[in-house]
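# Tertiary structure, described
Residue-level listing of the chains:
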Amino acid sequence: MSNETSIRDLNRQLRQLEDECAHLRKYADISSVLLSIARAVSTATSLSEFYRTIHHALQPVVHVKNFAIGLIDEKKDHLYFPYIHDEQDHYYLVRNISNPKSKGLALTVLRSGRPLFITRDEILSLNIESKGEPASVWIGTPLFVKEKVIGLMVIQDYSEEPQLTLDDVAIMVTVSDHVALAIERKMNEEALHESEAKHRDILDNIIEGYYEVDLRGNMTFFNSALCRILGYTEDELLNLNNRAYMGKESHRVVFRAFNQVYQTGERVKAFECPMLRKNGEEFFAELSVSLIRSRKSRRVGFRGIVRDISERKKAEEEKKRMEAQLQYAMKMESIGTLAGGIAHNFNNLLMAIRGYTELMMFDLSPDHPHFKMLRNIDKQVTSGSRLTSQLIGYAREGKYEVRPVDLNHLVHETVDTFAMTRKEIRIHYGLMDGLPGIIADQGQIEQVLMNLCVNAADAMPHGGDLFFRTEVTGHESIGGESYEPKAGRYVCLTVEDTGTGMDSTILTHIFEPFFTTKDVSRGTGLGLASTYGIVKAHGGYINVSSEPCKGTVFTLYFPLAREPVPVKEKKAPQLIVGQETVLFVDDDPSLMSLGSDILALMGYHPLVAGNGYDALKIYEENMDDIGLVILDMIMPEMGGGEVYDRLKLINPRVKVLLSSGYSIDGQAKDIMDRGCNGFIQKPFDITAISHKIREILDE
């Protein structure tokens, strides 16, 4: 009896040990499952791989042939299944899960927050809509994170003799918390990776450079644009200190900005400073800086944007240059207009002086005691005329009679004459053989050459060398900060001296009228100003370069003439007389009287008019007798242009000689283009106008 009792006790203890061993093995298996899931959080490269790892990890402890994971999308109010491994695949998106009318086994688990073990018969009794035959056993286990349901795990068994039991529910409940935490962590990691990838993609696709540096200025994070801007590879730029791509002054500027941000915590939106590329090239950058804080609000570094503004800087400089060019052009234009007006009025005064002087000289013999004084007066008029020519030249009204001229010939003729008066200056020629002609007024170009010679001589008071060179060049070779040359071919004249030179301050003013560094007795300040105006009036350009004690170089460009330079025979000037009737029109009473006397001296029958209305009336009354009208261009009420047009209406064959204190440019050229027969510049001499009158009358 006692033996049997002992055997039963031993068997009972053995069974207890076996049960304990089975429980231990199950707990060991569950621990292995949890360990596999924990490892998968860090080793799985994607959520889908992670879900697959959970499925495989559960297989040793639960019959999970058919397994799914469902998760709640709170924003869309949906239940979706990111992982499904099922024989019949009955899982589908469940919409409006918060709607009480929505039904389903999964919703039952989510709403109750409790696991559900249900058989086929029970499923059928619930009249739940299904796409196929329901499982023999269905188990759903909620997934909790911080007492909040985030989804569920589902296992199903479709066999007639299902292997799933209530013990499997307990196992699923045991692992569910760990699975839920692991899923949330992995989802957060994936969301973080997606966010980082998204932001990285954004940073790599912006043209501005993005940077993050530590408190010492070492680069810790950046985008590809910054590599491109600075010229470094990613490996080279990582951990590189900002001193490597900044000069000393720029580093001080950046340090002050970083220190301001560090002290105040406020962002510095934009400041400019030069930076250096890897190849040493300097460029302008615009930077912004803000503070980087750790999770504990410790200041750990700086971040910001680097924008390459080199092109913008160039555009700003170009804008400033264009504005300066415009201001300079407006200044020169306004002064030129004033100078032209003064010259016109002064030429009218000189005309009266010259005219009456020459009339008196015609009545006197050369041995008369007053003849020499009158000749001196006429010489002074010539000097005054040169002064007005300079003013008109500056006003860009300097082309009188333009035609193809040989610049080499003018250089030799003018400079050789000048050299006779300044023997201490050595002249050097480097003139191009066969140089094409230029369209110009010979007298004006001679004046330009003489002005440059005088300017050079004044810069070499003790003698020196003066070089003249000519060549043909294209507009591409013409460089100037204040103009853009027109396309075409040009004759280039270079005048270089070895004089005292000029500093940058003087250079900015040398073309301004009345600006001079000479004593009042030695210069008017109009020489270079008129040179500038004459060159411009001929469609040319002038550049100057100089440094103190290194001499000065003037470079002049004139457009090429399309026609060859004509060979002109010189004739001795003599007074030409006539007997036709000539109408002289001028609003200046003294000039009107003078014109009448000059015409009478030459044998003509003079008629005079003091304004346009009188001129038209007199011409209409004497049209058959009047052979020529000498017409002043600038008159009040009705100008010479309008008078000319009305004369043409009265008689289309009327002959008109235009006269003005201005040059042939501007209004005069317009009248000439409309068919006017000729032009003469005041102050003219009697011989010159006699030739003009005869030339037109004989046409």
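What you see is a predicted model, and the numbers here were worked out from it, not measured in a lab. (Residues numbered from 1 in each chain as written. Predicted model: local features only at pLDDT ≥ 70, side-chain atom pairs only at ≥ 80, totals over all residues. Heavy atoms only, no water.)

### Things to note about the overall build of the chain
Heads up, the rule is: What counts as a helix is a DSSP run of H or I of at least four residues, what counts as a strand is a run of E of at least two, and both are numbered from the N terminus. In what follows, a contact means two residues having at least one pair of non-hydrogen atoms within 4.5 Å. Where accessible areas are quoted, they stem from the Shrake-Rupley method and a 1.4 Å probe; at the residue level, only the protein chains shown are allowed to cover.
Along its length, the chain carries 19 helices and 22 strands. A separation of at least 24 residues holds for 62% of the contacts in the chain among residues at least 6 apart in sequence. Total accessible area computed for the chain in this model is approximately 38200 Å², and 52% of it derives from carbon and sulfur atoms.

### As for the pairing of strand β1 (residues 66-73)
Which entries qualify depends on this criterion: The rule is simple: take the accessible area with a 1.4 Å probe, protein chains only, and divide by the maximum for that residue type; under 20% is buried, over 50% is exposed, in between is partly exposed. For two strands to count as paired, DSSP must find a minimum of two bridges between them.
With six of eight residues buried, β1 lies mostly within the body of the structure. Pairing of β1 with strand β2 (residues 78-85) involves six bridges; the strand directions are antiparallel. Looking at β2, one finds that Leu 71 is bridged to Tyr 80. Hairpin connection of β1 to β2: four residues between the antiparallel strands, including Asp 77 at a positive phi of 60°.

### Considering the sheet that holds strand β14 (residues 464-474)
Defined as follows: The axes are straight lines fitted to the C-alpha atoms, using for helices just the contacting stretch, and the angles between their N-to-C directions are given from 0 to 180°.
As summarised here, the arrangement of the five strands in space is β12-β14-β15-β17-β16, forming an open sheet in which the pairing is mixed. The sheet is open, and its two edges are formed by β12 (425-430) and β16 (541-546), each paired on a single side. Taken over all neighbouring pairs, the strand axes of this sheet differ in orientation by 15° on average, direction set aside. Helix α11 (residues 407-421) contacts β12, β14, β15 (489-497) and β17 (552-559) of the sheet and is inclined by roughly 170° relative to β12. Sitting on the sheet, helix α12 (residues 442-459) touches β12, β14, β15 and β17, and the angle it makes with β17 is about 170°.

### Focus on the packing of aromatic side chains
Under the convention used in this document: By convention, a stacked pair of Phe, Tyr or Trp rings (six-membered ring in the case of Trp) has centres within 6.5 Å and planes under 30 degrees apart, an edge-to-face pair has planes over 60 apart, and any other such pair is tilted. Definition used: whenever NZ (Lys) or CZ (Arg) falls within 6 Å of the ring centre and also within 35 degrees of the ring normal, the charge is taken to sit over that ring.
Within the structure shown, the criterion is met by seven aromatic pairs. Each ring, one from Tyr 429 and one from Phe 468, has its centre 6.3 Å from the other, and the planes form 35°; the classification is tilted. Highlighted residues: Tyr 429 in strand β12 and Phe 468 in strand β14, separated in sequence by 39 residues. Of the residues examined, Tyr 429 reaches a relative accessible area of 32% and is grouped as partly exposed. Judged by relative accessible area, which is 0%, Phe 468 ranks as buried. These aromatic residues form a ring-pair network of at least three members: Tyr 211, Phe 258 and Phe 302. Seen from the ring of Tyr 262, Arg 299 lies directly overhead, with NZ or CZ sitting 4.1 Å from the centre.

### Structural notes on the sheet that holds strand β3 (residues 116-119)
The strands that make up a sheet pair up through hydrogen bonds in the backbone, lying either parallel or antiparallel. Strand order in the open sheet formed by five strands is β2-β1-β5-β4-β3, with antiparallel pairing between adjacent strands. Since the sheet does not close on itself, it has two edges, and those belong to β2 and β3, each with one partner. Averaged over all adjacent pairs, the angle separating strand axes in this sheet is 20°, with direction ignored. In the packing of helix α2 (residues 47-58) onto the sheet, contacts are made with β1, β2 and β5 (148-157), and the angle to β1 comes to roughly 140°. Running over the sheet, helix α3 (residues 105-112) touches β1, β2, β3, β4 (137-145) and β5 and is turned about 35° from β4.

Geometry only, nothing functional implied.
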